[in-house]
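# Chains, contacts and geometry: an overview
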Amino acid sequence: MSEGGVLVEWDWWTVEFGDVHAGAAGVLIGGVEPGPVYFDVGSGPSVPSTTHWTAYDGRSRRPRAEALRAVCACGWRGAAEYLLDWAAIGDQPLHEADIDLAGPLADWTAHLSVVRDKAVPLPEPLAALPVEIADQLNTTAVDTPLAALRAAGVLERITTRSAGPPPACWTPTCPPRWWPPRSAPPAPRP
């Protein structure tokens, strides 16, 4: 996922909330989230960058993370800070170090519980369908992967067509609105 040209590699993701509530371990330096880390790849019009926590290891003039905390794509930030023990980490890159992310993961999971409690519940028959569909797709993917891909494409088209953009009116008195608009077939050529 890209946010403003910065590559954001999320550590955690759920089917229920997708990219809207993807989570990661965020970096703190001096109690503040630093800007992205840029990678020198020579010359060119775009400079790759990231905000992934493993990039903040102090190597190659990059800043060194002091602590981690849970972050969510929705903008939520965990209150707890998890200090990094650089004496134990030593000179190794963060992606090779044995960093315990259980704290930030637990905080993000607690955030999702709050979001889940505030979300509109799905009716019971509808709530079971995504699980059943996922099971069927996984089973089909083992035996006939192309059929599973076709089914996934059909599901994508159904959801895209059914959901459409949000209506301009959200009250019960709004007239019904169909999306996408139904248009007449093109007239035959003479």
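Sequence positions are assigned chain by chain, starting from 1 and proceeding in written order. Side-chain atom pairs in this predicted model are given and counted only at pLDDT of 80 or more, local residue features only at pLDDT of at least 70, and totals for whole chains, interfaces and linings cover all residues. Computation of side-chain values covers all heavy atoms of the structure but excludes hydrogens and water.

Here the focus is the nonpolar core. To qualify as a nonpolar core, a set must consist of buried Ala, Val, Leu, Ile, Met, Phe, Trp, Tyr and Cys residues joined through side-chain atoms within 4.5 Å. Residue exposure (1.4 Å probe, protein chains only): buried if accessible area is under 20% of the type maximum, exposed if over 50%, otherwise partly exposed. Counting 22 residues, the largest nonpolar core has Trp 53, Leu 68, Leu 84, Ile 89, Ile 99 and Leu 101 as the members making the most contacts within it. For this core, the elements supplying multiple residues, two or more each, are β3 (23-28), β6 (67-72), α1 (86-89) and α2 (102-118). Contacts are residue-level and defined by heavy atoms, with any inter-residue pair within 4.5 Å sufficient. Filtering out sequence-adjacent residues up to four positions away, Ile 89 remains in contact with Leu 84, Leu 94, Ala 97 and Ile 99. Secondary structure elements follow DSSP: runs of H or I no shorter than four residues count as helices, runs of E no shorter than two count as strands, and numbering proceeds from the N terminus.

For Ser 60, which is not a glycine, the phi torsion comes out positive at approximately 50 degrees. Looking at the secondary structure, you find Ser 60 in the loop between β5 (49-50) and β6. We classify Ser 60 as exposed; its relative accessible area is 64%. Even without being a glycine, Arg 61 presents a positive backbone phi close to 65 degrees. When you line up the elements, Arg 61 lands in the loop between β5 and β6. Residue class for Arg 61 comes out exposed when judged on its relative accessible area of 82%.

So, on to the confidence of the model for the protein. For every residue, the predictor states its confidence as a pLDDT score lying anywhere from 0 to 100. Here the protein shows a mean pLDDT of 83. Residues at 70 or above account for 81%. A low-confidence stretch, residues 1-7 stays under pLDDT 50, and its non-local contacts, those more than four residues away or across chains, total 15 contacts. Here residues 177-184 is modelled with pLDDT under 50, and outside its nearest four sequence neighbours on either side it reaches nine contacts, counting other chains as well.

This paragraph deals with the sheet that holds strand β7 (residues 82-83). Strands sit in the order β3-β6-β7 across an open sheet of three strands; the sheet is antiparallel. Looking along the sheet, the strands with just one partner apiece sit at the ends: β3 and β7. In this sheet, β6 lies alongside β3 in antiparallel orientation, the contact comprising six bridges. Bridged to Leu 28 within β6 is Ala 67. Fitting a line to C-alpha atoms yields each axis, with helices limited to the stretch in contact; the angle taken between N-to-C directions then spans 0 to 180 degrees. Together, β3, β6 and β7 form the strand contacts of α2, whose direction differs from that of β6 by roughly 25 degrees. By the convention used here, strands pair only if DSSP detects at least 2 bridges between them.

Taken together, the side chains of Leu 122, Leu 126, Leu 129 and Ile 133 present a nonpolar region at the surface, about 330 Å² in accessible area. Topologically, Leu 126 is positioned in helix α3 (residues 124-143). Exposure above 30% relative accessible area and the lack of any salt bridge qualify a residue for a patch; like charges then connect within 9 Å, and the nonpolar side chains Val, Leu, Ile, Met, Phe, Trp and Tyr within 5 Å. Each accessible area is a Shrake-Rupley result for a 1.4 Å probe, and residues are judged covered by the shown protein chains and nothing else. When a carboxyl oxygen of Asp or Glu is within 4 Å of a side-chain nitrogen of Lys or Arg, the pair counts as a salt bridge.

Let's shift gears to the pattern of salt bridges. Summed over all chains, the structure comprises five salt bridges. Of the charged contacts, one joins Arg 69 and Glu 33 as a salt bridge, the two residues approaching to 2.8 Å between their closest N and O atoms. Of this pair, Arg 69 sits in strand β6 while Glu 33 sits in the loop between β3 and β4 (37-38), and the two are 36 residues apart along the sequence. Relative accessible area serves as the criterion here: at 17%, Arg 69 is assigned to the buried category. On the accessibility criterion, Glu 33 (32% relative accessible area) is partly exposed. In this structure, the salt-bridge partner of Asp 57 is Arg 59, at a minimum N-O distance of 3.9 Å. Put simply, Glu 33, Arg 69 and Arg 77 are held in one network by salt bridges that share partners.

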